[in-house]
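Structural characterization, general
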Amino acid sequence: PFHSRVLVFGLFACAFNLLLGFGGLMSFGHAMFFGVGAYVTAHTAKEWGLSPEFAIACGLLGALALGLVVAAVAIRKRGIAFAMVTLALAQMLYFIWLQVPFTHGEDGIQAVPRGKLFGLIDLNDQFALYFFILACFVLTYCAIYRFVQSPFGLALEALRDNEARAVSLGHNPDLYKLFVLIASALVAG
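Residues numbered from 1 in each chain as written. Predicted model: local features only at pLDDT ≥ 70, side-chain atom pairs only at ≥ 80, totals over all residues. Heavy atoms only, no water.

All right, on to the environment of Asp 122 then. Within the secondary structure, Asp 122 sits in strand 2 (residues 121–122). Looking at Asp 122, the relative accessible area reads 32%, which means it is partly exposed. When neighbours within four sequence positions are excluded, Asp 122 is seen to be in contact with Gly 115, Lys 116 and Ala 128. Within the local environment of Asp 122, its side chain forms a polar contact with the side chain of Asn 124, the two groups lying 3.2 Å apart. (Helix = DSSP H or I, 4+ residues; strand = E, 2+ residues; numbered from the N terminus. Buried < 20%, exposed > 50% of the residue type's maximum accessible area, 1.4 Å probe, protein only. Contact = heavy atoms within 4.5 Å. Polar contact = N/O pair within 3.5 Å; in protein donor to acceptor, adjacent residues only side chain to side chain.)

Quick look at the state of the cysteines now. Summed over the entire model, instances satisfying the criterion amount to zero disulfides. The thiol sulfur of Cys 142 is not disulfide-bonded, and the nearest other cysteine sulfur, from Cys 14, lies at 10 Å. Assessed through its relative accessible area of 44%, Cys 142 is described here as partly exposed. (Disulfide = S-S within 2.5 Å.)

Summed over the entire model, instances satisfying the criterion amount to ten aromatic pairs. Here Tyr 94 and Phe 95 contribute two aromatic rings whose centre-to-centre distance is 5.0 Å and whose plane-to-plane angle is 70 degrees, an arrangement assigned as edge-to-face. Taking relative accessible area as the criterion, Phe 95 reaches 48% and is therefore assigned partly exposed. Considering the side-chain rings of Phe 152 and Phe 179, the 6.0 Å spacing of their centres and the 70 degrees angle between planes classify their relative orientation as edge-to-face. Here Phe 152 is found in helix 6 (residues 151–161), whereas its partner Phe 179 is found in helix 8 (residues 173–188), with 27 residues between them in sequence. For Phe 179, a relative accessible area of 41% translates into the label partly exposed. Ring pairs connect the aromatic residues Phe 147, Phe 152, Tyr 176 and Phe 179, which therefore count as one cluster. (Phe/Tyr/Trp six-rings, centres within 6.5 Å; stacked < 30°, edge-to-face > 60°.)

Next up, the structure:
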C-alpha cells in the first residue's frame, strides 16, 4: 500500500506542477480537487455499487465539475489573490463535506469495496492494485508531458514568463489559465 500511496500523491504533485510550474498559478486549495475525486469515487463504489472504472470516472467528473466552478470564480484573479480565493473555496468545501451525511463527517467513508476492474482484475490483490495505479500514473504522466510540449503548453509557458508579451502576440491569458486549471483539477481528482 505504501508504494501505491506514493504513486497517488505523485499524481497529485504532477497536477500541482501543471498548475504552478507551467501555468504560473499558485493554488493554496488544490487538495479540494483531490478530496472531491476521492469522496465521489468512494461514495459511488460503496453506495451505488459501481465497478471501479465507473466509480473512478465519476470521481474524475466530480473534480472536473469543481474545477469549472473554481475557474468561474477565481480565474480572473492574479498572484496572491488567486491563491487566497482557492484557499477560501477549499475551506468552504471542507466545512460542507464535514456536514453532509454521505461523507460521514470526520470518520470519512469506511470499507470502500475495491471490486474487479473491467470485471477481470481483482483489485483486492495488492499487486494488481499497485500495477493498476502504476499504469494510471505512467499514462497520466505521459499525457501531461505531451500537453506541456504541445503548442498550447508552450504558449502557456510564454504567458507564465511574460504575460504582456504573450498578449501582444494574440494569446488570451484567461482562456489558457482556464484550461490549465481544469486539466490540473482533473489530474488531481
